[in-house]
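Observations on the three-dimensional arrangement
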Amino acid sequence: MGRVVMAGLIGIVFGMGIAISGMINPAKVLNFFDIAGNWDPSLAFVMAGALVVTALGYRFVLARPRPILDTRFHLPTRRTIDVPLIAGSVLFGIGWGITGFCPGGAIPALGLGESSAWIFVAAMAVGMALARLARSALDPRTPKTA
C-alpha cells in the first residue's frame, strides 16, 4: 500500500509541476517547435530544470543501498540502440510535434476536460496496446498459443 500511495503522491507533484510550467498547454509546446515563428523557449528551461533535478536525484538516491519502498533498484540494463528504440523515438517526436502533447503533459491536461487531451491519451493507450501486440508477435521468446 505504501508504494501505491507514494507513487500517487509523486505523480501529483509531477503533474503539478507540468501544470505550473504551462506544459499542459499544447500551444505553448508547439510554439517551442516554431523556431521561425512565435518561438517560446520556456520548454527548454523546463527540460533543463528537469535534467538538473534528475541528475542530482540519481546521485543522491543511487548512493543508497536500496530504494526505500523496494528491495532493489530497477534500472534499465540495455544499452543498445536498435530499431524499436529509434522507431519509438521518432513516433514520440512526431506525435509531440503534431499534437503539442507528450504523455507527461497530456495526463495532467485530462483534468482540464479538453477533448484534445482525452483523444491523445486514448490514442496513446491504443498505440501502446498495438506495440505490445506487435512485440509479442515478433519476439521468438514469447510462447505461442493455438
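Look up a bit, the structure's there.
Below or above, wherever it landed, is the structure these notes cover. (Residues numbered from 1 in each chain as written. Predicted model: local features only at pLDDT ≥ 70, side-chain atom pairs only at ≥ 80, totals over all residues. Heavy atoms only, no water.)

Comments concerning the pattern of salt bridges
This model, assessed by the stated rule, comprises three salt bridges. Linking R3 and D70 is a salt bridge whose minimum nitrogen-to-oxygen distance equals 3.7 Å. Of the two residues, R3 sits in helix α1 (residues 2-21) while D70 sits in the loop between α3 (42-61) and α4 (83-99), which places them 67 residues apart along the sequence. Of the residues examined, D70 reaches a relative accessible area of 17% and is grouped as buried. Among the salt bridges present, the one from K28 reaches D40, with a minimum N-O distance of 3.1 Å. Of the two residues, K28 is situated in helix α2 (residues 26-33) and D40 in the loop between α2 and α3; the sequence distance between them amounts to twelve residues. Given the relative accessible area of 22%, K28 is considered partly exposed. (Salt bridge = Lys/Arg side-chain N within 4 Å of Asp/Glu carboxyl O. Helix = DSSP H or I, 4+ residues; strand = E, 2+ residues; numbered from the N terminus. Buried < 20%, exposed > 50% of the residue type's maximum accessible area, 1.4 Å probe, protein only.)

Some thoughts on the packing of aromatic side chains
On inspection of all chains with the given rule, the structure shows five aromatic pairs. Geometrically, the ring pair formed by F32 and W39 is tilted, given 6.4 Å between the ring centres and 35° between the ring planes. Owing to a relative accessible area of 43%, W39 belongs among the partly exposed residues under this scheme. Consider the rings of F92 and W96, whose centres lie 5.8 Å apart with planes at 50°: the pair is tilted. One end of the pair, F92, and the other, W96, are both in helix α4, four residues apart, so they sit about a helical turn from each other. Assessed through its relative accessible area of 41%, F92 is described here as partly exposed. On the basis of relative accessibility, which here comes to 14%, the residue W96 falls in the buried class. (Phe/Tyr/Trp six-rings, centres within 6.5 Å; stacked < 30°, edge-to-face > 60°.)

Some points on a nonpolar patch on the surface
There is a patch of nonpolar side chains on the surface, built from M1, V5, M6, L9, I10, I12, M16, I20, I68 and L69 and spanning about 1100 Å² of accessible area. Along the chain, V5 falls in helix α1. (Patch = residues over 30% accessible without salt bridge, like charges linked within 9 Å, V, L, I, M, F, W, Y side chains within 5 Å. Areas by Shrake-Rupley, 256 points an atom, 1.4 Å probe, with all protein chains shown as cover.)

So, the nonpolar core
With 15 residues, the main nonpolar core has L43, F101, F120 and V121 as its most contacted residues. Contributions of two or more residues to this core are made by α2, α5 (103-109) and α6 (115-138). Here the element with the most residues in this core is α6; it accounts for four residues. (Core = buried A, V, L, I, M, F, W, Y, C linked by side-chain atoms within 4.5 Å.)

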